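The lines below spell out each chain.
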Amino acid sequence: MTAEPTAEPTAGPTNRPPVPMPGARTHEKLRNFPPPEEWDAHVEYDAKAHPRKVPHTYSLIPTICFNCESSCGLLAYVDHEDLSIRKFEGNPAHPGSRGRNCAKGPATINQVHDPERILHPLRRVGERGSGQFERVSWDEAVRDIAGRIRRAIVEDRRDEVMYHVGRPGEDGFAERVLQAWGVDGHNSHTNVCSSGGRSGYTHWMGYDRPSPDYANSRVMLLLSSHLETGHYFNPHAQRIMEAKQNGAKLVVLDLRLSNTASHADLWISPWPGSEAAIFLAVAAYLLRTRTIDVAFLRRWVNWDVYLERLHPDAPKDFEVFLEKLTEDYAKYTFEFAAQEAHVPVAQIEQLARIVAQAGNRLATHTWRSAAAGNLGGWQITRSLFFLNVLTGSVGTVGGTHPNGWDKFIPHFPEMPEPNDVWSEKLWPSEYPLTTNEMSILLPHFLKDGRGTLEVYFSRVYNPLWVNPDGFTWIDVLKDESRIGLHVALTPTWSESATFADYVLPMGHASERHDTMSFETHTSKWIAFRQPVTRVAMAKRGIPFQDTRDTNPGEVWEENEFWFELSWQIDPDGSLGIRQYFESKERPGEKMTQDEYYDILFARSVPGLPQAASDQGMTPLEYMRKYGVFEIAKDVYRLDERPLTAAELDGAVADEKGVLRKPVTLDTAPPLVGEAGAVGLEHEDGSRTAGWLSPSRKLELYSTTLADWGWPEQATPGYIESHVSARRIDRANDEFVLMPNFRLPTLIHTRSGNAKFLNEIANTHPLWFNKKDATTMGISTGDLVRVTTEIGHFVARAWATEAIRPGVVGMSHHMGRWTQDGHPGSRWVMGKVNLNRSEDGIWKLRYIEGVKPFTSEDPDSERIYWDDPGVHQNLAFPVQPDPVSGMHCWHQKVKIEKAHPGDQYGDVEVDVTKSREVYRRWLAMTRPGPGPDGQRRPEFMMRHVTPKRSAYRVAAATAGETRA
Ligand code: SF4
């Protein structure tokens, strides 16, 4: 912050007014941020030189944070003297983060300057997993990888190339690359993350996530500690606090007294998995007291289908529907909910009364938490959103929007043809309704012999560490007959990277180009990540070829890597791939990133060309200067958007009023929504956009769930969790383990390269309610053995009142390890011995904790922490929900005092048992195909959608139109 006399800041597109500081002299104002007109040459004194005044001149170059998906704006301070990056602060022009960041944003500076980061391409020497690597040139690596991919494509093994992404950090770029290759190979981490949340929203409205308008709400109902500890952490937290200042009530359901819960007017800590019972009891209350939005329900809910399917003999009348609905949900009493949740009845009543006061300003949110913890977690989400629907708080001021209204993904004007391949390794027939790829089952599918992989990219992803059942991942990653080539694209060492054939260094937030957009509030914005040193060099006319010349070491930005790789897969253009990476200005040469973004911003971002021209800039120049553009804001009720003449041209309404245009099986569905469907014709004759569900309405009764084998779950309901209270034998010291929360200052793998963050959070206790601890004679600091279905781990107890009795919890970002002689990140990793017996018993034991080390960063010798944490995920079997595909993170565990010989951090697992658990959960599924021989409903999101013909098991004749 600079205390210089200054004019009002003006130029940032959404700059905030300065905040006068108490006691400031009247002719001076403290500025929140340097104004954009100073960003080319901003002077600050060197803080470390204090009390001397040593000025430094900086270019402030915008980029976006890469440390969670909120995509907050950052300003990199690039020193004019040597073009080094000195620090990162917030970008005031960014409408989502408004100049503010959490601790993880500024900690990007640690990642950039980390002495442990990977700076050069590496190739394995010795056995896979031996941890031995040699330097290799980018040319050699790219040639080898491209050759293998080309062979798979030419031999029509187009499901044998897989791109498995952890933190995407971009929208749409990788999908275009994969589409150009014609492979079905996009894999995500989503079923250890948010499939449960997404599934619940999808079956209401097609869109798979919510966007609450917190700032204008009357009541905020949150089922997630992640709001302040991970998911959209900073942008949401800002607006939650604003709403509270304006008098809104905050209710939080959380098993822990999380940061979010600590700010709540009402905190309910229910038994895990009982949340849906609570929400349905509130729904029943709203129905019986008629605190519902009748007009909204009549127009936008598929109540006619509800009656047809559940009450076929009843008259098709809206009032009858309301009566039937009220009767159907009457069984969800406050008493029932309280009994399931093990909380006082009065708490449920209080919640119901608060929700009833919201009118249509109820902002709700859930993402991971309960929806990711429990069998049937997707019904928790569906029940939560039921409250929005009943109160008409959908798309309203202060209500909850679908994310698609507040997010914008630009598509490059020339998109490749959709492919016609379907990978059963990603989208298996047992899970036709899975929200995302069945990523956690990949090693089991490979062990089952469902296929092999020629090339497997793990990209900013640490599969053996972040997923359950990590030892089975190791078994498969080591097996060259199942995975031909493993390429780890990563900025930092991870447990999985040591099992790769190539480790290729990728850039951090200030070393790469990406576009991103997220639903932080009622605004549609697009932000631009950029390699800031390269931008600074370009401004000074310093020549470079690509980002390898401007980033540390040989770190290459991914976009350029993908362009080069694609070019080498198809060097002569005969496969039809090269054309998508070829310059328009210089045919026969590769497109540069400047050209790519020049075209993208000029042709695919509405309003940007005009805004740029108003300031005498090209769209790319505008984005390089501000790093962000706001396309629209304060947009509400887009379901009521009248359809345009172009949309209506050729569209015909079906018997339910859905307006459709003819489409062939040769076309691909959009990212989400049905191909050809454009909107809804209402009974009053109006024709509006509606939602992206099959009926274009909000589906209280989901025909998808019913017609794909789950009729009893077609309406919002309560599924008893695999860890419900009646399945836990408390008298036998059984508990529910909640392993899926995080601390606000840690990321996942990449915390390991941020020393500030490790200094803030560096212990990994097992949260244990004080009463339970006393009963069991366990005190803070005691070692305990935690036994799961496939093995056990040893942790250190923390007796606290901040978690409910019967539940224990461990955060999910620690437990980092490397083997002796293997590379790793010494800020966080302990050294382990890793052993596997012939019959599949794996054992991991620390032989050394974290300790100081010598490097070019003197702080590495000042490390005072020693706890690498416990890699608990290794001891969890896969538990995929049979509908959503979500890994159900909560574990039934037995807790005991540590056994003689147990050591902190020990993990022991029998992978034979993990196979048995996999088969048991697989048997819970109801496999496809669904109606018309479809593998998956077309309206459900897929990152890379193939042609409609590929959705069909027995592909109908190409060119056939929709019946
Ligand atoms: S919330 Fe924090 S980690 Fe996430 S993008 Fe913003 S600054 Fe980065």
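Summary of the structure given here. All values derive from a computational prediction rather than experimental measurement.

1. Points about the environment of Pro-491
Thought 1: Within the element layout of this structure, Pro-491 appears in the loop between β16 (483–490) and β17 (502–505).
Thought 2: For Pro-491, a relative accessible area of 1% corresponds to the buried category.
Thought 3: Residues Pro-491 and Gln-111 lie 380 residues apart in sequence; the distance between their C-alpha atoms is 8.7 Å.

2. Remarks on the sheet that holds strand β22 (residues 658–660)
Thought 1: With antiparallel pairing, 4 strands are arranged side by side in an open sheet as β21-β22-β23-β24. Each of the sheet's edge strands pairs with one partner strand only, and the pair in question is β21 (652–653) and β24 (687–688).
Thought 2: Bridge count between strand β23 (residues 677–681) and β24: 2 bridges; the pairing is antiparallel. By the bridge assignment, Leu-680 is partnered in β24 with Thr-688.

3. A few points about the environment of Leu-844
Thought 1: If you trace the backbone, Leu-844 turns up in strand β32 (residues 841–848).
Thought 2: Judged by its relative accessible area of 2%, Leu-844 is buried.
Thought 3: For the pair Leu-844 and Trp-817, spaced 27 residues apart in the sequence, the C-alpha separation amounts to 9.5 Å.
Thought 4: Ignoring anything within four residues of it in the chain, the contact list for Leu-844 reads Phe-471, Trp-817, Val-832, Asn-833, Leu-834, Leu-874, Gly-905, Asp-906 and Val-907.

4. Points about the pattern of salt bridges
Thought 1: If you walk through the whole model with that rule in mind, you get 79 salt bridges.
Thought 2: For Arg-368, the salt bridge identified is with Glu-69, shortest N-O distance 3.6 Å. With a gap of 299 residues between them, Arg-368 in the loop between β13 (362–366) and α13 (369–373) and Glu-69 in the loop between β2 (55–64) and β3 (73–79) connect regions that are remote in the sequence. Of the two residues, Arg-368 and Glu-69, neither departs from the other in class, the shared state being buried.
Thought 3: Within the structure, one salt-bridge network assembled from shared partners comprises Arg-148, Arg-151, Glu-155, Arg-157, Glu-160 and Glu-454.

5. Here we look at empty space enclosed by the protein
Thought 1: Per the stated rule, a full pass over the model turns up 10 cavities of 30 Å³ or more.
Thought 2: As a volume, the largest cavity reaches approximately 450 Å³.
Thought 3: Along its surface, the largest cavity is lined by 27 residues, and His-189, Val-192, Val-466, His-748 and His-812 are the ones closest to its centre.
Thought 4: Split into classes, the residues belonging to the lining of the largest cavity amount to 10 nonpolar, 13 polar and 4 charged.

6. Looking at the environment of Ala-773
Thought 1: Its location among the elements puts Ala-773 in helix α26 (residues 770–776).
Thought 2: On the basis of relative accessibility, which here comes to 2%, the residue Ala-773 falls in the buried class.
Thought 3: Expressed as a C-alpha distance, the spacing of Ala-773 and Ala-797, which sit 24 residues apart in the sequence, is 8.5 Å.
Thought 4: Once residues within four sequence positions are removed from consideration, Ala-773 is found in contact with Phe-768, Ile-778 and Ala-799.

7. Some remarks on the sheet that holds strand β12 (residues 266–268)
Thought 1: Taken in spatial order, the 4 strands of this open sheet run β12-β11-β10-β13, and their pairing is parallel. Edge positions in the open sheet fall to β12 and β13, since each of these has one partner strand only. Recorded for the sheet is a direction-independent mean angle of 10° between the axes of neighbouring strands.
Thought 2: With 5 bridges connecting them, strand β10 (residues 219–223) and β13 associate as parallel partners. Its bridge partner being in β13, Leu-223 is matched across the sheet by Thr-366.
Thought 3: Packed onto the sheet, helix α12 (residues 345–356) meets β10, β11 (249–253), β12 and β13 and runs at close to 130° relative to β12.
Thought 4: Across the sheet, helix α14 (residues 377–391) is in contact with β10 and β13; its angle to β13 comes to roughly 170°.

8. What about the nonpolar core?
Thought 1: Tyr-456, Phe-471, Leu-766, Phe-768, Phe-793, Trp-817 and Ile-895 are the most contacted members of the largest nonpolar core, which totals 78 residues.
Thought 2: If we ignore the near neighbours within four places in the chain, the residues touching Trp-817 are Leu-464, Trp-465, Ile-474, Glu-495, Met-829, Gly-830, Val-832, Leu-834, Leu-844, Tyr-846, His-871 and Leu-874.
Thought 3: Counting residues in hydrophobic clusters, the runner-up holds 75 residues, among them Ala-284, Leu-287, Phe-318 and Val-320.

9. Focus: the side chain of Asp-546
Thought 1: Relative to the elements of secondary structure, Asp-546 occurs in the loop between α18 (532–539) and α19 (558–569).
Thought 2: In this structure the side chain of Asp-546 is engaged in a polar contact, spanning 2.8 Å, whose partner is the side chain of Arg-548.

10. Looking at the pairing of strand β19 (residues 523–529)
Thought 1: Within β19, 7 of the 7 residues are buried, leaving the element largely enclosed by the surrounding structure.
Thought 2: Burial of the side chains of β19 extends over both faces: Ser-523, Trp-525, Ala-527 and Arg-529 are buried on one face and Lys-524, Ile-526 and Phe-528 on the other.
Thought 3: Sheet topology places strand β18 (residues 514–516) next to β19; 3 bridges connect them, and they run antiparallel. By the bridge assignment for β19, Asp-514 is matched with Arg-529.
Thought 4: Connecting β18 to the next strand, β19, in antiparallel fashion are 6 residues.
Thought 5: Strand direction decides the pairing type here: β19 and strand β20 (residues 628–633), joined by 5 bridges, are antiparallel.

11. With respect to the site of the ligand
Thought 1: Neighbouring residues of the ligand: Cys-65, Asn-67, Cys-68, Ser-70, Ser-71, Cys-72, Asn-101, Cys-102, Lys-104, Gly-105 and Asn-234.
Thought 2: Among the residues forming the shell around the ligand, the class breakdown is 4 nonpolar, 6 polar and 1 charged.

12. Remarks on the packing of helix α7 (residues 275–288) against helix α11 (residues 334–341)
Thought 1: Contact geometry for α7 and α11: axes closest at 8 Å, N-to-C directions at 170°. Overall, the two elements α7 and α11 adopt an arrangement that is roughly antiparallel. From α7, Ala-277, Ile-278, Ala-281, Tyr-285 and Arg-288 reach across to α11, where they touch Phe-334, Phe-336, Ala-337, Glu-340 and Ala-341.
Thought 2: Considered class by class, the residues forming the contact of α7 with α11 number 8 nonpolar, no polar and 2 charged.

Rules used throughout
- Residues numbered from 1 in each chain as written.
- Predicted model: local features only at pLDDT ≥ 70, side-chain atom pairs only at ≥ 80, totals over all residues.
- Heavy atoms only, no water.
- Helix = DSSP H or I, 4+ residues; strand = E, 2+ residues; numbered from the N terminus.
- Buried < 20%, exposed > 50% of the residue type's maximum accessible area, 1.4 Å probe, protein only.
- Pairing = 2+ DSSP bridges.
- Contact = heavy atoms within 4.5 Å.
- Salt bridge = Lys/Arg side-chain N within 4 Å of Asp/Glu carboxyl O.
- 1 Å grid on protein atoms, 1.4 Å probe; cavity = no way out; pocket = protein on both sides within 12 Å on 5 of 7 lines; lining within 4 Å.
- Points joined across faces, edges and corners; volume = space filled by probe spheres on them.
- Nonpolar A, V, L, I, M, F, W, Y, C, P; charged D, E, K, R; others polar.
- Axes fitted to C-alpha atoms, helices over the stretch in contact; angles between N-to-C directions.
- Core = buried A, V, L, I, M, F, W, Y, C linked by side-chain atoms within 4.5 Å.
- Polar contact = N/O pair within 3.5 Å; in protein donor to acceptor, adjacent residues only side chain to side chain.
- Near = heavy atom within 4 Å.
- Parallel < 35°, antiparallel > 145°, perpendicular 65-115°, else oblique.

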